[in-house]
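Here is what each chain is made of, one letter per residue.
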Amino acid sequence: MKILILGAGQVGTSVAANLVSEANDITVVDTDATRLRELADRFDLRTLQGHGAHPDVLARAGAEDAEMIIAVTNSDETNMVACQVAYTLFHTPTKIARVRAPGFMEQDALFGPGALPIDVRISPEQLVTDYILRLIENPGALQVTDFAGGRVRLVAVRAYYGGPLVGHELRTLYDHMPHVDARVAAIYRHDRAIQPEGDTVIDADDEVFFVAAPKHIRSVMSELRRLEKPYKRLIFAGGGNIGTRLARATEKRYRVKVIERDLDRCKHIAEALERTIVLHGDAADEELLLEENVEDTDVFCAVTNDDEANILSAMLAKRLGARKVMALINRTAYVDLVQAGPIDIAISPQQATIGSLLKHVRRGDVVMVHSLRRGAAEAIEAIAHGDASSSKVVGRPIEAIKLPKGTTIGAVVRGEEVIIAHHDTVIESEDHVILFLQDKLRVAEVEKLFSVGLTFF
């Protein structure tokens, strides 16, 4: 696919890195020559210096035969105008824009038929907010991703000593909980993927990915570790877009505090929020954290714009007794560095964002993509079409489908019914199939598997 990416910032770079590895023809446009040079040195792609919304720049970038434009500059206005220019002058089929300002996002009429021709709006701040909210709602989870409109969830959890399933074969999970339908999709041991089979033994410290309906998640987690009590007290370090959204979404169900350094910003968010306590100060100030009883806090979540400040304040909060600490970290190298240390969960905005873009790049009818394990693995929701003669999956039990190595089918959603996958589950036309790929480089094989043969047409 020929794709234009406008903006070589953190989101643009992350998108380029993911898409270029899948043999796409990528051109990145930015006004910063240094950023473009660094990108060109790292990846096999074209770069062009210029303003992404200008018609002559888009023409030189190859907009005439591009299949997709992804506008992710730091300016909402630039992104929206670029999509309008691409539509009007070059008839670009798919136009994706990063739109951050709530004032734009809340006006659906701006993006409807006859208005701005943007096919997909992405707000990294909202995606990160949703990601963190799912972690708060599922204490003990490392990652929680939704499929089929929230009817199925893929959850990552670390197995601990004392979990009933730890030290036992996987098949005993189904003996312990005959009325709970769940499937282990993948196991990672010392960063190495293990294909789950019935006789696979779960070890302490394994990272286990399982698929289940939301109502069964706590039951499955209780088999892998001691269940954590629901969270009650939350502190968000940083009163920017993400911190404010998180406080607004949680203040009616939890006791919430926000720490913000900028006094004017403090006044603004204190007026905007109803029950949240807004504190003016530095989240890495030990005295302030002690005054605010950080030792009784269930979740301390650092979401400022500064990676170093997030890491330091989260580490300090953990040392002072906070039960669970999370830090928003943009730099990939930092994410890998701190994940195994005192910070419980390092949140990468790029990984939270990339899935919403990838589903529009995937061939075949892919409706949802989640990037997992910092981009190495992937979970996909694909729709099966056709019949037994035109499809490689329809009309076949799962055990008869030739899945790529390291790929697992976790669940099938048929209308309103959620079917946790077993070896004899038969795929029907229009089923939504949830797949886990240990190696995202196998994506093309999965896309091929779900493509429909010519006889179907």
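Scroll up for the structure.
Attention here is on the structure that accompanies the text. This structure is a prediction, so every number in the text was calculated from the model and none was measured.

1. Details of the overall build of the protein chain
- When its secondary structure is counted, the protein chain shows 15 helices and 22 strands.
- A compact globule built from 457 residues should have a C-alpha radius of gyration of about 23 Å, and the protein chain, at 23 Å, falls within 12% of that.
- In terms of its C-alpha atoms, the protein chain occupies a principal-axis envelope of roughly 70 × 65 × 40 Å.
- Out of the 457 residues belonging to the protein chain, those deemed buried represent 55%.
- Taking the contacts inside the protein chain whose residues are at least 6 apart along the sequence as the reference set, 60% of them involve residues at least 24 apart.
- Element-wise, carbon and sulfur atoms account for 50% of the exposed surface of the protein chain, whose accessible area totals about 20400 Å².
- Put simply, the protein chain has 53 plus and 66 minus side-chain charges, and the middle of one group is 2 Å from the middle of the other.

2. Some words on the pairing of strand β4 (residues 68-71)
- Neither face of β4 is exposed, since Met68 and Ile70 on one face and Ile69 and Ala71 on the opposite face are all buried.
- Sheet analysis places β4 next to strand β5 (residues 94-98), joined by four bridges and oriented parallel. Paired with isoleucine 69 across the strands is lysine 95, a residue of β5.

3. Thoughts on the sheet that holds strand β20 (residues 407-414)
- Spatially, β18-β19-β22-β20-β21 is the arrangement adopted by the five strands of the open sheet, whose pairing is antiparallel. Each having just a single partner strand, β18 (366-372) and β21 (417-420) make up the two edges of the open sheet. Adjacent strand axes in the sheet meet at a mean angle of 20° when their direction is disregarded.
- One ladder, built from six bridges, connects strand β19 (residues 377-383) with strand β22 (residues 432-437); its direction is antiparallel.

4. Regarding the nonpolar core
- Judged by nonpolar contacts, the single largest core of 48 residues is most densely connected at Ile132, Ile202, Phe210, Leu234, Phe236, Met326 and Ile347.
- With six residues, the top contributor of residues to this core is helix α6 (residues 124-137).
- Among all residues touching isoleucine 347, those that are not within four sequence positions of it are Val128, Tyr131, Ile132, Met326, Ala327, Leu328 and Ile329.

5. Topic: the pattern of salt bridges
- What the rule picks out here adds up to 21 salt bridges.
- The closest approach of N and O atoms between glutamate 228 and arginine 225, which form a salt bridge, is 2.9 Å.
- With a closest N to O distance of 3.2 Å, glutamate 228 and lysine 324 form a salt bridge. Of this pair, glutamate 228 sits in the loop between α8 (217-224) and β12 (233-237) while lysine 324 sits in strand β16 (residues 324-328), placing them 96 residues apart in sequence.
- For glutamate 228, a relative accessible area of 15% corresponds to the buried category.
- On the basis of relative accessible area, lysine 324 is assigned to the buried category, the value being 10%.
- Several salt bridges converge on common partners, so that one network encompasses Arg225, Glu228, Asp298, Arg323 and Lys324.

6. Quick word on the pairing of strand β9 (residues 182-189)
- With seven of eight residues buried, β9 is to be regarded as a mostly interior element.
- As paired elements, β9 and strand β11 (residues 207-212) share six bridges and run antiparallel to each other. When the sheet's bridge partners are listed, tyrosine 188 is paired in β11 with glutamate 207.
- Alignment of β9 against strand β10 (residues 192-194), held across three bridges, turns out to be antiparallel. Bridging across to β10, tyrosine 188 finds its partner in alanine 193.
- The hairpin turn running from β9 into β10, its antiparallel successor, is two residues long, and histidine 190 in that turn takes a positive phi close to 50°.

Reading guide: rules and limits
- Residues numbered from 1 in each chain as written.
- Predicted model: local features only at pLDDT ≥ 70, side-chain atom pairs only at ≥ 80, totals over all residues.
- Heavy atoms only, no water.
- Helix = DSSP H or I, 4+ residues; strand = E, 2+ residues; numbered from the N terminus.
- Rg over C-alpha atoms; globule rule 2.2 N^0.38 Å.
- Buried < 20%, exposed > 50% of the residue type's maximum accessible area, 1.4 Å probe, protein only.
- Contact = heavy atoms within 4.5 Å.
- Areas by Shrake-Rupley, 256 points an atom, 1.4 Å probe, with all protein chains shown as cover.
- Lys, Arg positive; Asp, Glu negative; His and termini not counted.
- Charge placed at Lys NZ, Arg CZ, Asp CG, Glu CD.
- Pairing = 2+ DSSP bridges.
- Axes fitted to C-alpha atoms, helices over the stretch in contact; angles between N-to-C directions.
- Core = buried A, V, L, I, M, F, W, Y, C linked by side-chain atoms within 4.5 Å.
- Salt bridge = Lys/Arg side-chain N within 4 Å of Asp/Glu carboxyl O.

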